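Each chain is listed here by its residues.
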Amino acid sequence: MIFSVFTIMIFASYISSIQVLAQEQFLTYEDITTGISIQFPSSWEKSVNLDNFITFRAPPETDTRIYPAALGLKIQELTSKSVVLQEVTKVQISELKKSNPNLEFSESTSITLAGKPAYKVVFTATDNNQVERKAMQLWTVIDNRAILITYKAQPDKYSAYLPTIEQMIDSFQVKN
């Protein structure tokens, strides 16, 4: 009897978290120039910079200016048509190590992004504002462009925002 009640409580909690995720309204960001699209929560702040860097930020959970989580998307035209994913991976990991002296990788693996071979790393480091962050970066090469997606969050918030981030990443598309 106690086991059944416990199982029902866990299942109800699981269903409740799915319902919260399902209730979140998503909008679609599209850039016809680059051909990319991605869905993002309507409550998140979107900003687009001139250098093709797009940022989606979760609303602050307190009255501070520190965002608990954000996803950034960067598209970089490649100078050579023969650049392959392995070269981009080598450069990106080198840049991460150079710009984050206290970098600690917890995951490094090949994946698929927008139907193309990609690479993913998960790590912790201190950001430019001297705030510790847990991050995930994914990158791929599509149509002579390097595409970099970065998810950063406060370490204790990383797992809580991960389902939303995964939904955003799964929605990412590149159209010709």
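1. Some details on the sheet that holds strand β4 (residues 53-57)
Right, on to step 1. Here seven strands make up an open sheet; going across it, the order is β3-β4-β5-β9-β8-β7-β6 and the pairing antiparallel. In this open sheet, the two strands that pair with only one neighbour each are β3 (45-48) and β6 (104-113). Shown here is a sheet whose adjacent strand axes are inclined to one another by a mean of 15 degrees, direction ignored.
Right, on to step 2. Strand direction decides the pairing type here: strand β5 (residues 69-77) and strand β9 (residues 145-153), joined by nine bridges, are antiparallel. Considered in β9, the bridge of G72 is made with T150.
Right, on to step 3. Docked against the sheet, helix α2 (residues 85-99) engages β6, β7 (116-126), β8 (132-142) and β9, running at close to 160 degrees with respect to β8.
Right, on to step 4. Where helix α3 (residues 158-171) meets the sheet, its contacts fall on β4, β5, β6, β7, β8 and β9, and the angle it forms with β8 comes to roughly 15 degrees.

2. Regarding the environment of N176
Right, on to step 1. Note that N176 resides in the segment after β10 (173-174).
Right, on to step 2. A relative accessible area of 87% means that N176 is categorised as exposed.
Right, on to step 3. For the pair N176 and T34, spaced 142 residues apart in sequence, the C-alpha to C-alpha distance is 8.6 Å.

3. Notes on the pairing of β8
Here is the key point about a regular strand: its side chains alternate between the two faces of the sheet.
Right, on to step 1. The buried fraction of β8 amounts to eight of the 11 residues, a majority that puts the element mostly inside the structure.
Right, on to step 2. Turn length for the β7-β8 hairpin, with the two strands adjacent in sequence and antiparallel, is five residues, and the turn residue Q130 shows positive phi of about 60 degrees.
Right, on to step 3. In this sheet, β9 lies alongside β8 in antiparallel orientation, the contact comprising nine bridges. Bridge pairing in β9 places W139 opposite L148.

4. What about unusual backbone geometry?
Right, on to step 1. You will see that A114, though not glycine, has its phi angle at about 55 degrees, which is positive.
Right, on to step 2. Secondary-structure assignment places A114 in the loop between β6 and β7.
Right, on to step 3. Given a relative accessible area of 32%, A114 falls into the partly exposed group.
Right, on to step 4. A positive phi is found at N144, a non-glycine position, where the angle reads about 60 degrees.
Right, on to step 5. Counting through the fold element by element, N144 comes out in the loop between β8 and β9.

Scoring rules and cut-offs
- Numbers given to residues run from 1 along each chain, matching the order in which its sequence is written.
- Confidence filtering applies because this is a predicted model: local features only for residues at pLDDT of at least 70, side-chain atom pairs given and counted only at 80 or more, and all residues used for totals across whole chains, interfaces and linings.
- Hydrogens and water are ignored here; the side-chain numbers use all heavy atoms of the structure.
- Strands are labelled as partners when DSSP assigns at least two bridges between them.
- Each helix is a run of H or I in the DSSP string that is no shorter than four residues. Each strand is a run of E no shorter than two, and both are numbered from the N terminus.
- Interaxial angles span 0 to 180 degrees and are taken between N-to-C directions of axes, which are lines fitted to C-alpha atoms, for helices over the stretch in contact.
- Contacts are assigned to residue pairs that have any heavy atoms within 4.5 Å of one another.
- Exposure classes here rest on a 1.4 Å probe applied to the protein chains alone. A residue is buried below 20% of its type maximum, exposed above 50%, and partly exposed in between.

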